[in-house]
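Reading the structure
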Amino acid sequence: MTLHIQFVTLGMMCAGGLSLGGLFDVYRVLAGQLRAPGWVKSILDLVYWFTGTLLVFALLYESNWGEVRPFIFLGLGIGIIFYFLLFSRPTIWVIRFIIRVVIQTARLLKRLVILLVIRPIVGLYRVFMIILGFLLATAMFLYRIVLQLCHPVWKLLLWLLRPLVKRLRFPVPGWMKKTGQSVANFVRRFFGSF
């Protein structure tokens, strides 16, 4: 392995250390903000170490075809220390800022959905129910008026047809008498309420 490849590998490992530090801060802030239970944090630990391992080995493979040398660990250590000394606080601040922006955006979207979708639908439903109730009340009122207006005509028609019915004297089946009596009782009860 040439000296050039060793310096490239050391630089790549320093970049890998910086990346591991960044990933760790992202993981740490998200786990703290989400207040995840212990088993979720264990799974996130596994995901972090799996991602970090893949990242380091990908960088190692790109720089020196996967050869593990002692200076690789030195490069990772330098990168992690450099990250935590210079970039950790700004990165944590940026991550928290992004989380706040996402939360505020979600709240704003929720309010907009309530204001622009849910409230108009509820308002339209209420207006529809008011109009429907008004129309039903109007229809019932008009129905009673029509029945009251037809009552004298019904009495007159019965009075006019009584002599004709007496003259015909045809035999009426029993079921027809019962039906006629129930209709007459219904009409008497209904018109009796007026």
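Throughout what follows, the structure given in this document is the object of discussion. Bear in mind that the values here come from a model prediction, so they are computed numbers and not experimental data. (Residues numbered from 1 in each chain as written. Predicted model: local features only at pLDDT ≥ 70, side-chain atom pairs only at ≥ 80, totals over all residues. Heavy atoms only, no water.)

Now for the side chain of Asp25. Looking at the secondary structure, you find Asp25 in helix α1 (residues 3-34). Take Asp25: its relative accessible area is 0%, and that puts it in the buried class. Engagement of the side chain of Asp25 in a polar contact is seen with the side chain of Arg28, the distance being 2.6 Å. Separated by 2.9 Å, the side chains of Asp25 and Ser88 make a polar contact. Dropping the residues within four chain positions of it, Asp25 is found in contact with Tyr83, Phe84, Ser88, Thr91, Ile92 and Ile95. (Helix = DSSP H or I, 4+ residues; strand = E, 2+ residues; numbered from the N terminus. Buried < 20%, exposed > 50% of the residue type's maximum accessible area, 1.4 Å probe, protein only. Polar contact = N/O pair within 3.5 Å; in protein donor to acceptor, adjacent residues only side chain to side chain. Contact = heavy atoms within 4.5 Å.)

Inspection of every chain in the model, using the stated rule, returns nine aromatic pairs. Look at Phe82 and Phe87: their rings are 5.9 Å apart centre to centre, the planes differ by 75 degrees, and that puts the pair in the edge-to-face class. Here Phe82 falls in the partly exposed class, since its relative accessible area comes to 40%. Of the aromatic side chains, those joined through ring pairs into one cluster are Phe24, Tyr27, Tyr48, Trp49, Phe82, Tyr83, Phe84 and Phe87. (Phe/Tyr/Trp six-rings, centres within 6.5 Å; stacked < 30°, edge-to-face > 60°.)

We now examine the pattern of salt bridges. Under the counting rule described, the total for this entry stands at one salt bridge. Among the ionic pairs, Asp25 bridges to Arg28, the shortest N-O distance being 2.6 Å. Of the two residues, Asp25 and Arg28 both sit in helix α1, three residues apart, roughly one turn of that helix. (Salt bridge = Lys/Arg side-chain N within 4 Å of Asp/Glu carboxyl O.)

Attention now goes to the nonpolar core. Ranked by size, the top nonpolar core spans nine residues in total: Met13, Leu20, Tyr48, Val56, Leu59, Leu60, Phe71, Ile72 and Leu76. Counting only elements with at least two residues in this core, the list comes to α1, α2 (38-64) and α3 (70-86). Of the residues forming this core, the biggest block, four residues, is contributed by α2. The residues contacting Leu20, other than those within four sequence positions of it, are Tyr48, Gly52, Val56, Leu76 and Ile80. (Core = buried A, V, L, I, M, F, W, Y, C linked by side-chain atoms within 4.5 Å.)

A few words now on the environment of Val68. With respect to the helices and strands, the residue Val68 is situated in the loop between α2 and α3. Here the alpha-carbon distance between Val68 and Ile92, two residues 24 residues apart in the chain, equals 32 Å. For Val68, the contacting residues outside a window of four places in its chain are Leu60 and Phe73.

With 17 residues, α3 should reach 24 Å at 1.5 Å per residue; the first-to-last C-alpha distance of 25 Å fits that figure. When we look at burial in α3, the residues that qualify are Phe71, Ile72, Gly75, Leu76, Gly79 and Tyr83. What you see down the axis of α3 is that its buried residues fit within an arc of 150 degrees, all on one side. Exposed side of α3, more than 90 degrees from the buried face: Pro70, Phe73, Leu74, Ile81 and Leu85 are the residues found there. (Expected span 1.5 Å × (residues − 1). Arc of directions from axis to C-beta.)

In this section: the side chain of Ser88. Tracing the chain through its elements places Ser88 in helix α4 (residues 88-168). When neighbours within four sequence positions are excluded, Ser88 is seen to be in contact with Asp25, Arg28 and Tyr83.

One can find Ala58 in helix α2. With relative accessibility at 41%, the residue Ala58 sits in the partly exposed group. Along the backbone, Ala58 and Gly16 are 42 residues apart, and their C-alpha atoms lie at a distance of 9.5 Å.

Function-wise, these values are silent; they only describe arrangement.
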